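One letter stands for each residue in the lines below.
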Amino acid sequence: MGKALIIGAGGVASVVVHKCCENSEVFTEICIASRTLSKCDELKEKLKYSKTKITTAQVNADNTDELISLIESYKPDIVINVALPYQDLTIMDACLATKVNYVDTANYEPLDTAKFEYKWQWAYREKFKEAGITALLGSGFDPGVTGVFSAYAQKHYFDEIHSIDILDANAGDHGYPFATNFNPEINIREITANGSYFENGKFIETEPLSIKRVYNFPEIGNKDIYLLHHEEMESLALNIKGIQKIRFWMTFSEKYLTHLKVLENVGMTSIVPIDFEGRQIVPLQFLKAVLPDPASLGPRTKGKTNIGCIYQGVKNGKDLTYYIYNVCDHEACYAEVGSQAISYTTGVPAMIGAMMVMTGKWKKAGVFNIEEFDPDPFMDALNRFGLPWQESFNPELVD
Ligand code: NDP
């Protein structure tokens with residue numbers, strides 16, 4: 001069918017590459033392009049028996065001109081951005097210049113401010129529309145599948161959804177005292193930022209990790225969950241009819257939070273550059289360099305993730321509660337693609353989002369969040385490509 005240019009060669013990219021190769025009738029050719037060429041070549045080597053033709057390239061995705069020449073020479077049908085959120089805008093600029101579709105898994109963040117907002121990417125709406133190309137934003141799990149679940153709940157079960165609790169549990173154990181499951185810099189920026197929730201038309205900010213509950217997750221059991229700000233709340237607040245309240249919850253162990261607190265207290269999570277022996281370094285980037293590489297956690301991680309959403313609203317005048325979730329096993333993911341479940345649950349939806357656009361199932365010119373498309377073909381593909389979902393109409397509630 002077509003060609004995809006995959007930018008990035010980290011934990012998530014590795015899963016995207018495996019899954020594109022599993023789906024070689026859609027992805028007949030892929031190019032893996034990243035800053036470090038050897039990582040792209042290693043991925044290519046792992047999949048050398050695939051039917052999908054794989055090439056690799058070195059690219060600095062902070063540089064739009066470099067991206068444009070790569071896109072012009074490779075001529076992909078879509079660019080799958082699984083580098084870091086800092087590169088979203090340069091990659092979108094290159095897609096615009098070459099009129100190629102775009103998909104990512106995380107919203108743009110400026111390097112010097114830990115701020116998660118769609119405004120920078122939504123500002124491209126008219127330009128993408130005029131160019132006749134699609135930008136699909138946030139096609140990971142959260143954001144991503146959580147938006148597809150929301151569109152599905154809205155389409156099939158509710159007249160109006162009034163509240164959404166997004167619940168992200170990771171009960172995986174990698175055996176290290178402290179490590180993050182995806183890029184440590186992005187992960188720690190997200191967790192140490194202020195929390196927030198949406199209520200009655202506005203966002204209410206909270207102190208970082210100041211709101212805690214305990215939730216009994218199917219197949220995982222009781223876990224401490226903490227309220228965080230998360231980017232999909234911003235688009236769901238606009239796209240879900242009748243919505244009054246949205247909260248995002250993530251599990252953290254006491255051990256993880258104690259380590260994080262100490263690192264924060266000594267200044268290691270700061271993104272403000274400091275002078276160190278005559279050169280400027282960013283403490284958080286230094287911390288990233290000493291922490292385990294998330295891609296190396298795969299063979300060590302045991303246990304499961306459970307990510308899903310609880311919806312409350314009305315159907316035919318009656319109150320309705322609906323919970324939909326996916327349970328993913330770290331060891332099963334590793335056995336299948338050599339990655340732990342966090343990379344897996346992000347990489348599979350990134351491939352599916354790209355497939356939706358490439359096959360024309362999702363065809364609209366402009367910049368869109370994932371819940372703005374028909375969820376049904378994506379939901380089928382989740383079952384087919386390794387992220388089956390389960391439903392309950394009588395779940396335990398958060399409060
Ligand atoms: P990694 O750090 O493992 O990989 C990032 C990759 O991007 C690396 O190969 C890195 O290259 C490459 N890269 C970074 N900067 C550049 C650049 N300027 N030019 C070219 N390549 C670059 O991250 P993950 O795979 O864990 O995460 C990838 C993305 O997925 C992130 O944006 C993250 O926020 C998102 N994510 C989304 C989730 C969701 O559910 N929506 C959940 C988890 C992650 P190098 O090897 O040289 O450093």
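Data block above holds the structure.
The shown structure was predicted, so the numbers you read here are calculated from the model rather than taken from an experiment. (Residues numbered from 1 in each chain as written. Predicted model: local features only at pLDDT ≥ 70, side-chain atom pairs only at ≥ 80, totals over all residues. Heavy atoms only, no water.)

So, the site of the ligand
Near the ligand, the surroundings consist of 28 residues, among which Arg35, Thr36, Lys39, Ala61 and Asn183 are the closest. Between the ligand and Ala83, the relevant distance is 3.1 Å, taken from an oxygen atom to a main-chain nitrogen or oxygen of the residue. Within the backbone of Pro143, a nitrogen or oxygen atom sits 3.1 Å from a nitrogen atom of the ligand. Compared with its free state, where it exposes 930 Å², the ligand has 93% of that area covered by protein. For the shell around the ligand, the class distribution of residues is 13 nonpolar, 11 polar and 4 charged. (Near = heavy atom within 4 Å. Polar contact = N/O pair within 3.5 Å; in protein donor to acceptor, adjacent residues only side chain to side chain. Areas by Shrake-Rupley, 256 points an atom, 1.4 Å probe, with all protein chains shown as cover. Nonpolar A, V, L, I, M, F, W, Y, C, P; charged D, E, K, R; others polar.)

A short note on the sheet that holds strand S5 (residues 101-104)
Pairing is parallel across the open sheet formed by 7 strands, whose spatial order is S3-S2-S1-S4-S5-S6-S17. The open sheet has two edge strands, strand S3 (53-58) and strand S17 (366-369), and neither has a second partner. Strand-to-strand twist of the sheet, defined as the mean angle between neighbouring strand axes without regard to direction, takes the value 20 degrees. Contacts between helix H1 (residues 11-22) and the sheet are confined to strand S1 (2-7), strand S2 (27-34), S3 and strand S4 (78-81), with S2 contributing the most and set at about 165 degrees to the helix. Contacting S2 and S3, helix H2 (residues 37-46) runs over the sheet at an angle of about 170 degrees to S3. (Pairing = 2+ DSSP bridges. Helix = DSSP H or I, 4+ residues; strand = E, 2+ residues; numbered from the N terminus. Axes fitted to C-alpha atoms, helices over the stretch in contact; angles between N-to-C directions. Contact = heavy atoms within 4.5 Å.)

A few points about the nonpolar core
In terms of nonpolar packing, the biggest core is built from 87 residues, with Phe27, Ile80, Phe149, Ile164, Tyr311 and Ile352 touching the most fellow members. For this core, the element with the most residues is helix H13 (residues 341-358), which contributes 11 residues. Dropping the residues within four chain positions of it, Phe27 is found in contact with Gly2, Ala4, Cys20, Thr52, Ile80, Met351, Ala354, Met355 and Met358. Counting residues in hydrophobic clusters, the runner-up holds 31 residues, among them Ala57, Ile68, Ile91 and Ile133. (Core = buried A, V, L, I, M, F, W, Y, C linked by side-chain atoms within 4.5 Å. Buried < 20%, exposed > 50% of the residue type's maximum accessible area, 1.4 Å probe, protein only.)

Some thoughts on unusual backbone geometry
For the peptide bond that leads from Asp142 to Pro143, omega is 10 degrees, which places it in the cis range. Inspection of the secondary structure puts Pro143 in the loop between strand S6 (134-137) and helix H7 (145-156). Its identity as a non-glycine residue notwithstanding, Lys99 has a phi of 55 degrees, on the positive side. Examined against the element boundaries, Lys99 turns out to sit in the loop between helix H4 (88-98) and S5. Look at Lys99 and you get exposed, because its relative accessible area is 55%. The residue Glu277 is not glycine, and still its phi comes out positive at about 45 degrees. Positionally, Glu277 belongs in the loop between strand S13 (274-276) and strand S14 (279-281).

Let's talk about H7
Counted at 1.5 Å a residue, the expected span for H7 with its 12 residues is 16 Å, and the 16 Å between its end C-alpha atoms agrees. The buried fraction of H7 amounts to 9 of the 12 residues, a majority that puts the element mostly inside the structure. Inspection of H7 places Val145, Thr146, Gly147, Val148, Phe149, Ser150, Ala151, Tyr152 and Ala153 among the buried residues, and these make up the whole buried set. (Expected span 1.5 Å × (residues − 1).)

Focus on the pattern of salt bridges
Under the defined criterion, the tally for this structure stands at 16 salt bridges. A salt bridge links Glu25 to Arg384, with the nearest nitrogen and oxygen atoms 3.1 Å apart. One end of the pair, Glu25, is in the loop between H1 and S2; the other, Arg384, is in helix H14 (residues 376-384), and 359 residues separate them in sequence. The salt bridge involving Glu117 is made with Lys119; its shortest N-O contact spans 4.0 Å. (Salt bridge = Lys/Arg side-chain N within 4 Å of Asp/Glu carboxyl O.)

Concerning the environment of Leu236
Tracing the sequence through the fold places Leu236 in helix H9 (residues 232-239). We classify Leu236 as buried; its relative accessible area is 0%. Separated by 65 residues in sequence, Leu236 and Thr301 place their C-alpha atoms 32 Å apart. Sequence-distant contacts of Leu236, that is, excluding residues within four places in its chain, are made with Gly147, Ser150, Ile164, Ile166, Ile243, Ile246 and Glu371.

Some thoughts on the packing of helix H12 (residues 330-337) against H13
Relative orientation and spacing of two packed helices are given, respectively, by the angle between their axes and the distance between those axes. Contact geometry of H12 with H13 gives a least axis separation of 8 Å together with a crossing angle of 65 degrees. Considering how the two elements wind past one another, H12 and H13 form a crossing that is left-handed. Between H12 and H13, the contacting residues are His330, Cys333, Glu336 and Val337 on the first element and Ala341, Ile342 and Tyr344 on the second. In terms of residue class, the contact of H12 with H13 is built from 5 nonpolar, 1 polar and 1 charged. (Left-handed = near helix turned anticlockwise from the far one by under 90°.)

With respect to the packing of aromatic side chains
For the coordinates displayed, the defined rule picks out 21 aromatic pairs. Centroid distance Tyr124 to Phe128: 6.3 Å. Interplanar angle 65 degrees. Geometry classified as edge-to-face. Exposure class is identical for Tyr124 and Phe128. Each is buried. Residues Tyr226 and Phe252 carry aromatic rings whose centres are separated by 6.1 Å and whose planes lie at 50 degrees to one another, so their mutual orientation is tilted. Of the two residues, Tyr226 is situated in strand S11 (residues 221-228) and Phe252 in the loop between strand S12 (245-251) and helix H10 (254-265); the sequence distance between them amounts to 26 residues. (Phe/Tyr/Trp six-rings, centres within 6.5 Å; stacked < 30°, edge-to-face > 60°.)

Notes on the packing of helix H3 (residues 64-74) against H4
Contact geometry for H3 and H4: axes closest at 9 Å, N-to-C directions at 45 degrees. Comparing the axis directions of H3 and H4 gives the class oblique. Both H3 and H4 take part in a crossing whose hand is right-handed. Residues Thr64, Leu67, Ile68, Ile71 and Glu72 of H3 form the contact with H4, whose participating residues are Thr90, Ile91, Asp93, Ala94, Cys95, Ala97 and Thr98. For the contact of H3 with H4, the class distribution of residues is 7 nonpolar, 3 polar and 2 charged. (Parallel < 35°, antiparallel > 145°, perpendicular 65-115°, else oblique.)

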